[in-house]
Amino acid sequence: MTTDFEARIADLAKQGEERVANSFGPEWLPDDDPFGHERECEPTPRAAEIKRKLVTLDAVAPVLASNYLVKGWLTVNGLSVVYGPSNAGKTFVALGMAMHVAAGEPWMGCKVNAGPVLYIAAEGGAGVLNRLAAFKLENPHMAGAPFTLLPIGVDLHGSGDAKIIAALLSDQKPALVVVDTLARSIGEGDENTAKDTAMFVRNCDMMRELTGAHVMIIHHTGKDEERGARGSSALRAAVDTEILVSSSRSITSQKQRDMVAPEPLHFKLRSVRLGQDEDGEPVTSAVVEQTDKPLPIRKPLTGKNQVAMSALTDALRDYGRTGMGGEYPASCPVVAVEHWRDACAAHGLTNGVSESAARTAFMRAKTKLIDMDEVREFGGHVWKVRDDV
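Residue positions within a chain follow its written sequence, with the count starting from 1. Totals for whole chains, interfaces and linings use all residues, but because this is a predicted model, local features are given only for residues with pLDDT of at least 70 and pairs of side-chain atoms are given and counted only at 80 or more. The basis for every side-chain value is the complete set of non-hydrogen atoms in the structure, without hydrogens or water.

Caption draft 1: Structural detail: the pattern of salt bridges. A pairing counts as a salt bridge when a side-chain nitrogen of Lys or Arg comes within 4 Å of a carboxyl oxygen of Asp or Glu. Tallying each qualifying case throughout the model produces 13 salt bridges. Taking the shortest distance from any N to any O, the salt bridge between E289 and K268 comes out at 3.5 Å. Taken as a pair, E289 in strand β11 (residues 282–291) and K268 in strand β10 (residues 265–276) lie far apart in primary sequence, 21 residues in all. Numbering goes from the N terminus for both helices and strands, where a helix is a DSSP run of H or I of at least four residues and a strand is a run of E of at least two.

Caption draft 2: Structural context of the packing of helix α8 (residues 303–319) against helix α9 (residues 337–346). In this analysis, axes come from line fits to C-alpha atoms, helices being fitted only over the stretch in contact, and the angle between any two N-to-C directions falls in the range 0 to 180 degrees. Where α8 meets α9, the closest approach of the two axes is 8 Å, and the angle between their N-to-C directions is 125°. Taken together, the axis directions place α8 and α9 in an arrangement best described as oblique. Crossing geometry of α8 relative to α9 is assigned as right-handed. Counting all contacts with α8, which are made through A308, A311, L312, A315 and Y319, the residues of α9 involved are H339, W340, A343 and C344. Here the residues of the contact of α8 with α9 sort into eight nonpolar, one polar and no charged. Any angle between 65 and 115 degrees counts as roughly perpendicular, while under 35 counts as roughly parallel, over 145 as roughly antiparallel, and the rest as oblique. Take the far helix as the reference: if the near one is turned anticlockwise from it by less than a right angle, the crossing is left-handed, and if turned clockwise, right-handed. Two residues form a contact once any of their heavy atoms are found within 4.5 Å. Basically, the charged four are Asp, Glu, Lys and Arg, the nonpolar ten are Ala, Val, Leu, Ile, Met, Phe, Trp, Tyr, Cys and Pro, and anything else, Gly included, counts as polar.

Caption draft 3: Looking closely at the sheet that holds strand β13 (residues 375–378). Here the rule is simple: two strands pair whenever DSSP picks up at least two bridges between them. On the basis of which strands lie adjacent, the open sheet formed by three strands has the order β12-β14-β13 and antiparallel pairing. In this open sheet, the two edge strands, each paired with only one partner strand, are β12 (335–336) and β13. As paired elements, β13 and strand β14 (residues 381–384) share four bridges and run antiparallel to each other. Considered in β14, the bridge of E377 is made with V382. Sitting on the sheet, α8 touches β12, β13 and β14, and the angle it makes with β14 is about 110°.

Caption draft 4: How the structure looks around the sheet that holds strand β9 (residues 250–256). Strand order in the open sheet formed by nine strands is β5-β4-β6-β7-β3-β8-β9-β10-β11, and the pairing between neighbours is mixed. Of all the strands in the sheet, just β5 (147–150) and β11 have a single pairing partner and so form its edges. Across the sheet, the mean angle separating the axes of adjacent strands is 25° when strand polarity is ignored. Running over the sheet, helix α3 (residues 90–103) touches β3 (79–84), β4 (117–121), β5, β6 (176–180), β7 (214–220), β8 (241–245), β9, β10 and β11 and is turned about 160° from β4.

Caption draft 5: Quick peek at the side chain of T75. Looking at the secondary structure, you find T75 in strand β2 (residues 74–75). Exposure remark for T75: the relative accessible area of 11% places this residue in the buried category. Residue contacts for T75: discarding those within four places in its chain leaves N67, Y68, L69, H214 and M259. Categorising residues by exposure relies on relative accessible area from a 1.4 Å probe, with only protein chains included: less than 20% of the type maximum marks a residue as buried, more than 50% marks it as exposed, and the intermediate range marks it as partly exposed.

Caption draft 6: View of the layout of surface pockets. Definitions used for this entry: grid spacing 1 Å over protein atoms alone; cavity, a set of points where a 1.4 Å probe fits but cannot get out; pocket, an open set with protein on both sides within 12 Å along at least 5 of 7 lines; lining residue, one with an atom within 4 Å of a point. Grid points are joined across faces, edges and corners, and a volume is the space filled by probe spheres set on the points. Its boundaries defined by the atoms lining it, the largest pocket holds a volume of some 340 Å³. If you trace the largest pocket, you find 18 residues lining it, with N87, K90, T91, E123 and R131 closest to the centre. Residue classes in the lining of the largest pocket are distributed as six nonpolar, eight polar and four charged. Computed from the structure, the second largest pocket encloses a volume of approximately 250 Å³.

Caption draft 7: Spatial organisation of α8. By this rule, a helix spans an expected 1.5 Å times one less than how many residues it contains. Taking 1.5 Å as the rise per residue, α8 with 17 residues should run 24 Å; its terminal C-alpha atoms sit 24 Å apart, in good agreement. For α8, the set of buried residues is N305, A308, M309, A311, L312, A315 and L316. Projection of α8 onto a plane perpendicular to its axis shows the buried side chains occupying an angular sector of 160°, all on one side. Buried residues belonging to α8 abut β12, α9, α10 (355–371), β13 and β14. Directions pointing from the helix axis toward each C-beta atom define the arc.

Caption draft 8: Focus on empty space enclosed by the protein. In this structure the tally under the stated criterion is one cavity of 30 Å³ or more. As for the largest cavity, its lining consists of L182, I186, E191, T197, H219, R230, G231, S232 and L235. Of the residues assigned to the lining of the largest cavity, the class counts are three nonpolar, four polar and two charged.

Caption draft 9: Quick peek at the packing of α3 against helix α4 (residues 126–138). Interaxial distance between α3 and α4 falls to 11 Å at its minimum, and their mutual angle equals 50°. Comparing their axes, α4 and α3 come out oblique. Helix-helix and strand crossings are classified by hand; for α3 and α4 the assignment is right-handed. Between α3, through T91, F92, L95, G96, M99 and H100, and α4, the contact on the second element is made entirely by V128, R131, L132 and F135. Of the residues in the contact of α3 with α4, the class split is six nonpolar, three polar and one charged.

So this is what it looks like as structure tokens:
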């Protein structure tokens, strides 16, 4: 005789079998068949598209061609964010990159795939006009590039403006659309919320899909530029490329989804005189000029580190040798470690204590200066890093 408990178990088992048999759920009906199997009709367009995109394992092959817009930095039809603190030069960098794409000229030594550019200067004002005028003045051979400026604010929180922009570009096949800045283009949305940021990204993606262009978003950092772009982390998760333009005038790839991150670039802003205003005062702007990597700024030595370095200076003066060959520097003097240790004692760094304590104090001083990249040691000899240049 079946108990109530056994009957309940059997009922639950039957329900489980039904769920397995129909993984779409009991509410799914044949009328919802996207491929038309039940009704023997054509599949829906979306179902057909998804089916076409299926790739079997035997069809997978390496992708050797790099699908770049700016080699090493931007991909064709990608989504990127260029961010940095105020006055770091990010708009100058973005304008320069965009103009080089439009003109088909290498940007800071990086190859580009040329194409028309739309630059949405949502912050408007005379600043962006003067920056472009300065670029044209300094690069007259690029003055005829297919570059279009839209100096008004747009609302990419809703889809209306994104559709309008895509429609305007429908016959141009743009390579790049720049949105400068996110804050002026998110409409009533809040850049700090994932929901509003996702809506903004969705509309940028719509422009990408409808035009085939790469969309670059210009954005700000918070108070600490090391913590990345301000606002919701949904933006960083969505973009293919993230580029930091720092206050130290460096351009660094912080994220690359499909490319190996390139080495950082460095630049300065060079002033360009455009003319004079109604009062006879000069009107200037600037252009980006690539520079070499700046030398690191060394902090002055203090305390025991300064005493140990002074002792090394004396030892090098009295006992230093040059031209020792091999792994030793060619042009700067080197000195035996013992002479440096004696000089440290003369400077009071290690005297007045036991021999063991003196050796320990010297080893600490030497190790500290080596860790600070102030001193190098090889084969029982030492020398100053600052002299080895």
